[in-house]
Amino acid sequence: MAKRIVITGLGCICPVGNDVPTTWQSLIAGKSGAGPITRYDASEFKTKIAAEVKDFDGNDIFGYREARRLDPYAQYAIACSLEAQEEAGLEINDQNRTKIGAVIGTGIGGMTVLFRELKVFDEKGPRWVSPFMVPMMIADSAGSLVAIRLGIRGPNMAVVTACATGTNAIGEASEIIRRDQADVMFAGGSDSVFLPVAMASLSRMTALSKRNDEPERASRPFDLNRDGFVMGEGAGVMVIESLEHAQERGAPILAEITGYGSTNDAFHISAPAENGSGAAECMQQALDRASLDVTDIDYINAHGTSTLLNDKSETAAIKTVFGEHAYNIPVSSIKSMTGHMLGAAGALEAIVCVKALQDSLLPPTINYETPDPECDLDYVPNTARPAQVKHIMSNSFGFGGHNATIIISQYAESGI
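Residues numbered from 1 in each chain as written. Predicted model: local features only at pLDDT ≥ 70, side-chain atom pairs only at ≥ 80, totals over all residues. Heavy atoms only, no water.

Caption draft 1: View of the packing of helix α4 (residues 72-88) against helix α7 (residues 141-150). Relative orientation of the contacting elements α4 and α7 amounts to 45 degrees, with a least axis distance of 9 Å. Looking at the two axes, α4 sits oblique to α7. In this structure, the crossing between α4 and α7 has a hand that is right-handed. Here Y73, A74, A77, I78, S81, L82 and Q85 of α4 come into contact with α7, specifically with S141, A142, L145, V146, R149 and L150. Considering only residue class, the contact of α4 with α7 consists of nine nonpolar, three polar and one charged. (Axes fitted to C-alpha atoms, helices over the stretch in contact; angles between N-to-C directions. Helix = DSSP H or I, 4+ residues; strand = E, 2+ residues; numbered from the N terminus. Parallel < 35°, antiparallel > 145°, perpendicular 65-115°, else oblique. Left-handed = near helix turned anticlockwise from the far one by under 90°. Contact = heavy atoms within 4.5 Å. Nonpolar A, V, L, I, M, F, W, Y, C, P; charged D, E, K, R; others polar.)

The structure is reproduced here in structure tokens:
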């Protein structure tokens, strides 16, 4: 019988909160984290808005010298891991550290450090480039730095599947535990890409919203008048472990990971397949792994980016899998409030699923005003909704056709 995987700790930093309790309260209140860009002069850009992390000071955790070396995405990942460890009550020592690992993914990696040092190189020359640039910019640096900070020596790797990263990281970390390579894993994703060149490229792709006069209303998943996503940033990390290990140490069991699916559209480098075929296959995989029927899913936490193609294709995929029952399932997107946190998005959304199970409350899709005939499901518009939920599906889809789905369920001793 396959090992059961449970969630015992949560940590997050995002545009609406720098810890899990604050974030959850902001989301159920329908609070947007979007506003004018402050990280650079955006006056010449078509998109002048984003959802930035606020009031986070890495100096408080790392000290000035270390914080200067660390890319923001790595700082966020470490901070979230510490929060998750504390909630899990996980003591790390010489007896268990080789059986504790991390899968911390990222869509982009340490671009802030990279572009800072490119500027130094151009302006001052090679002698002034930091020797820490390469180890701090590469995609696996966050996971490595989490391991160093916590002293964990188990499996450690980065998943990079664009905007599906956070969900894939949690799913793959679960598989590591199931094959007995670890008892406990820190799993999630982190990203911070508020750089002029990156935002310029996404703007040229027409991926970003240009609703500059109303930033808090710009991200509007599934709404007819959506015009692109709002860039976000942050991280989400959870502590997951085998049920046996959690029980042995008396850990708080918050929820259970019961299903995981991963596919690729093999269609286009950035656009999803319009009929959502790859996404549908991914959702069906997760249902099959969880041994659940479509009628068992009580809520879907959507990828829901607020782009024309994504929202339409995800809706089509949900209908393919759930048939007429799709109209009975609440679906919502917290990206309407957090913006799109890229590789961190799926990790934060998984955390939100746990909170929804705990509090019997579904976060809303804010800014939903004008229904789109091609997006005609129940998107929990504008106001959080009380609901009894046992099984939640969370979707993440990324550039390159990556699809990832996990199912998070209420923990029951007898299983599902």
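Caption draft 2: Here's a closer look at helix α12 (residues 308-322). In this model, α12 (15 residues) spans 22 Å end to end at C-alpha, consistent with the 21 Å of a helix rising 1.5 Å per residue. Taken together, the buried positions of α12 are N310, D311, K312, S313, E314, T315, A317, I318, V321 and F322. Buried residues belonging to α12 abut α11 (277-290), β9 (299-301), β10 (331-332) and β13 (391-398). (Expected span 1.5 Å × (residues − 1). Buried < 20%, exposed > 50% of the residue type's maximum accessible area, 1.4 Å probe, protein only.)

Caption draft 3: Structural detail: the pairing of strand β1 (residues 5-13). Among the nine residues that make up β1, nine are buried, leaving the element largely enclosed by the rest of the structure. Pairing between β1 and strand β8 (residues 255-264): three bridges, direction antiparallel. Bridging from a neighbouring strand, I5 pairs with I257 of β8. Looking at chain direction, β1 and strand β7 (residues 234-242) are connected through eight bridges and run antiparallel. Pairing of I7 across the sheet is with I240, part of β7. (Pairing = 2+ DSSP bridges.)

Caption draft 4: Quick peek at the sheet that holds strand β6 (residues 184-191). What the 10 strands build is an open sheet, ordered β5-β4-β6-β7-β1-β8-β14-β13-β9-β10; its pairing is mixed. Of all strands in the sheet, those bounded by a partner on one side alone are β5 (156-157) and β10. Its contacts with the sheet place α4 against β1, β4 (100-105), β6 and β7, and it is angled at close to 135 degrees to β1. Along the sheet face, helix α14 (residues 345-359) touches β1, β6, β7, β8, β9, β13 and β14 (402-409) and points at about 170 degrees away from the line of β13.

Caption draft 5: Summary view of the packing of aromatic side chains. In this structure the tally under the stated criterion is four aromatic pairs. Ring centres 5.7 Å apart and planes at 55 degrees place the aromatic pair Y368 and Y379 in the tilted group. One end of the pair, Y368, is in the loop between β11 (361-362) and β12 (385-386); the other, Y379, is in the loop between β11 and β12, with 11 residues separating them in the sequence. Site record: aromatic cluster; members linked through ring pairs are F222, Y368 and Y379. Stacked on the ring of W128, the Lys or Arg K124 has its end atom at 5.2 Å from the ring centre. (Phe/Tyr/Trp six-rings, centres within 6.5 Å; stacked < 30°, edge-to-face > 60°. Lys NZ or Arg CZ within 6 Å of the ring centre and 35° of its normal.)

Caption draft 6: Local environment of the pairing of β13. Extensive coverage of β13 is indicated by the burial of eight of its eight residues. Across three bridges, the pairing between β9 and β13 is parallel. Residue Y299 lies in a different strand from β13, and its bridge partner there is I392.

Caption draft 7: Examining the side chain of T161 more closely. Within the fold, T161 resides in the loop between β5 and α8 (165-178). Non-local contacts of T161, meaning those with residues more than four positions away in its chain, are made with N168, G398 and H402.

Caption draft 8: View of the side chain of S190. With respect to the helices, strands and loops of the structure, S190 is situated in strand β6. Take S190: its relative accessible area is 0%, and that puts it in the buried class. A distance of 2.6 Å separates a polar atom in the side chain of S190 from the backbone oxygen of Y73. For S190, the contacting residues outside a window of four places in its chain are Y73, Y76, A77, G105, T106, G107, G234, A235, G343 and A344. (Polar contact = N/O pair within 3.5 Å; in protein donor to acceptor, adjacent residues only side chain to side chain.)

Caption draft 9: Up close: the environment of D223. Looking at the element boundaries, D223 is found in the loop between α9 (196-204) and β7. On a C-alpha basis, the gap between D223 and P373 in space is 9.6 Å, while along the polypeptide they are 150 residues apart. Beyond its immediate stretch of four places on either side in the chain, D223 contacts N367, Y368, E369, T370 and D372. Here the side chain of D223 touches N225 through a polar contact of 2.8 Å, landing on its backbone nitrogen.

Caption draft 10: Spotlight on the environment of W128. Looking at the secondary structure, you find W128 in the loop between α5 (111-124) and α6 (133-137). On the basis of relative accessible area, W128 is assigned to the exposed category, the value being 57%. Measuring from C-alpha to C-alpha, the distance between W128 and E117 comes to 8.6 Å, with 11 residues separating the pair along the chain. With near-sequence residues (within four places) excluded, W128 lies in contact with E117 and V120.

Caption draft 11: Expanded view of the nonpolar core. Ranked by internal contacts, the top residues of the largest apolar core, which has 48 residues, are I7, L10, M185, M238, I240, V354 and I408. Sort the elements by how many residues they give to this core and α14 lands first, with nine residues. Excluding residues that lie within four positions of it along the chain, V354 makes contacts with I7, L10, M238, L254, A255 and I408. Grouped together as the second largest cluster of nonpolar side chains are 33 residues, A88, I100, F186 and V239 included. (Core = buried A, V, L, I, M, F, W, Y, C linked by side-chain atoms within 4.5 Å.)

Caption draft 12: Molecular detail of the pattern of salt bridges. Under the definition given, this model contains 19 salt bridges. As a salt-bridge pair, K3 and D180 come within 3.2 Å of each other at their nearest N and O atoms. Of this pair, K3 sits in the segment before β1 while D180 sits in the loop between α8 and β6, and the two are 177 residues apart along the sequence. Of the residues examined, K3 reaches a relative accessible area of 24% and is grouped as partly exposed. Taking the shortest distance from any N to any O, the salt bridge between K335 and E349 comes out at 2.7 Å. (Salt bridge = Lys/Arg side-chain N within 4 Å of Asp/Glu carboxyl O.)

The analysis is restricted to geometry; functional conclusions fall outside its scope.
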